[in-house]
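# A structural walkthrough
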Amino acid sequence: MSDLTQKPEWLELIRHQQTMTTFSLPESFRNDPERAQRFSLNAAGLFFDYSKNLLNDASLDKLLALAQAQGLPTAISALRNGSHVNFTEHRPALHHLLRWQDAETLDVTLQPLFAEVSAVKQRLKNISTAVLNGTLRGYTGKPFTDIVHIGIGGSDLGPAMVYQALQ
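Small disclaimer: the values here were computed from a predicted structure and weren't measured.

## So, the side chain of Lys7
Its location among the elements puts Lys7 in the segment before helix H1 (8-19). One buried charged side chain, Lys7, makes no salt bridge at all; its nearest oppositely charged neighbour is Glu9, positioned 5.6 Å away. Sequence-distant contacts of Lys7, defined by excluding residues within four places in its chain, comprise Ser2, Ala69 and Gln70.

## Concerning the pairing of strand S1 (residues 40-43)
In the case of a regular strand, side chains alternate between the two sheet surfaces. Pairing between S1 and strand S2 (residues 46-49): 4 bridges, direction antiparallel. Bridge pairing in S2 links Asn42 to Phe47. Taking the residues between adjacent antiparallel strands as the criterion, S1 and S2 are bridged by 2 residues, where Ala44 takes a positive phi near 50°.

## Some details on the packing of aromatic side chains
Applying the stated criterion across every chain, the model contains 2 aromatic pairs. Each ring, one from Phe39 and one from Tyr50, has its centre 5.8 Å from the other, and the planes form 90°; the classification is edge-to-face. In this pair, Phe39 is assigned in the loop between helix H3 (35-38) and S1 and Tyr50 in the loop between S2 and helix H4 (57-69), connecting sequence segments 11 residues apart. Accessibility assignment for this pair places Phe39 and Tyr50 in one class, buried. Aromatic side chains Phe48 and Tyr50 sit 5.4 Å apart centroid to centroid with 35° between the ring planes, which places their arrangement in the tilted category. Ring pairs connect the aromatic residues Phe39, Phe48 and Tyr50, which therefore count as one cluster. In this arrangement the basic side chain of Arg35 is found over the ring face of Phe29, its NZ or CZ atom lying 5.5 Å from the centre. When the ring centre of Phe39 is taken as origin, the NZ or CZ atom of Arg35, which lies over that ring, is 4.6 Å away.

## What to know about unusual backbone geometry
Positive phi, close to 55°, is recorded for His90, a residue that is not glycine. As for its position among the elements, His90 is in the loop between helix H5 (72-80) and helix H6 (111-133). Residue classification places His90 among the exposed positions, given a relative accessible area of 61%.

## As for the environment of Tyr50
Assessed through its relative accessible area of 14%, Tyr50 is described here as buried. When the C-alpha atoms of Tyr50 and Arg38 are compared, they prove to be 9.2 Å apart, with 12 residues separating the residues in sequence. The residues touching Tyr50, leaving out its near neighbours within four places in the chain, are Arg38, Phe39, Ser40, Leu41, Leu55 and Leu60.

## Focus: the pattern of salt bridges
When charged atoms on two side chains of opposite charge get close, those side chains can pair. By the definition in use, this model includes 6 salt bridges. Between Arg38 and Asp57 there is a salt bridge whose closest N-O contact spans 2.8 Å. Residue Arg38 is found in helix H3, and its partner Asp57 is found in helix H4; the two are separated by 19 residues along the sequence. Take Arg38: its relative accessible area is 39%, and that puts it in the partly exposed class.

## Quick notes on H6
For H6, which comprises 23 residues, the first-to-last C-alpha distance of 33 Å matches the rise-based estimate of 33 Å (1.5 Å per residue) to within 8%. Buried residues along H6 sit against helix H7 (157-166). Phi turns positive, to about 85°, at Gly134, one or two residues after H6.

## A few points about the nonpolar core
Counting residues in hydrophobic clusters, the biggest one holds 6 residues: Leu97, Trp100, Leu106, Leu110, Phe114 and Val117. Residue contacts for Leu110: discarding those within four places in its chain leaves Arg80, Asn81, Gly82, Leu94 and His96.

Thresholds, definitions, all that
- Residues numbered from 1 in each chain as written.
- Predicted model: local features only at pLDDT ≥ 70, side-chain atom pairs only at ≥ 80, totals over all residues.
- Heavy atoms only, no water.
- Helix = DSSP H or I, 4+ residues; strand = E, 2+ residues; numbered from the N terminus.
- Buried < 20%, exposed > 50% of the residue type's maximum accessible area, 1.4 Å probe, protein only.
- Lys, Arg positive; Asp, Glu negative; His and termini not counted.
- Salt bridge = Lys/Arg side-chain N within 4 Å of Asp/Glu carboxyl O.
- Contact = heavy atoms within 4.5 Å.
- Pairing = 2+ DSSP bridges.
- Phe/Tyr/Trp six-rings, centres within 6.5 Å; stacked < 30°, edge-to-face > 60°.
- Lys NZ or Arg CZ within 6 Å of the ring centre and 35° of its normal.
- Expected span 1.5 Å × (residues − 1).
- Core = buried A, V, L, I, M, F, W, Y, C linked by side-chain atoms within 4.5 Å.

Structure (structure tokens):
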């Protein structure tokens with residue numbers, strides 16, 4: 001992979017940064033009543049507002065050009081279609097299947113994995129419900145009151161999901 005800082009798109013972004021030294025955020029809102037709408041989006045149940053950052057249309061265009069030059073669309077596609085993008089483990093990175101909603105919209109090769117992920121999520125939900133309502137109990141026969149999680153590092157996603165499920 002080539003050095004990002006040597007790409008023409010990066011150098012153009014650096015030049016653009018120098019033109020932004022006089023940028024005024026309050027003035028940008030006064031001059032563009034639609035700024036908050038144009039520089040925000042809703043995705044996956046989240047609202048992302050980047051209107052209050054020091055950027056304008058040209059900034060966004062240059063950032064997108066850099067992403068394109070770096071191959072981001074191709075990398076996203078590779079991630080979503082199950083290509084081996086985890087180079088240290090020589091396998092796909094399939095975290096996105098945890099949040100995916102509809103198997104029909106997935107690459108056909110990932111649909112069986114989506115079914116497995118969905119089944120595991122349902123099992124976790126069943127266990128969480130049983131812990132919360134007291135039907136699943138500890139070895140003493142008493143309901144659970146605390147959970148101690150001991151990990152070795154790495155992804156926090158699993159423990160975070162368990163924590164959310166048991167709140």
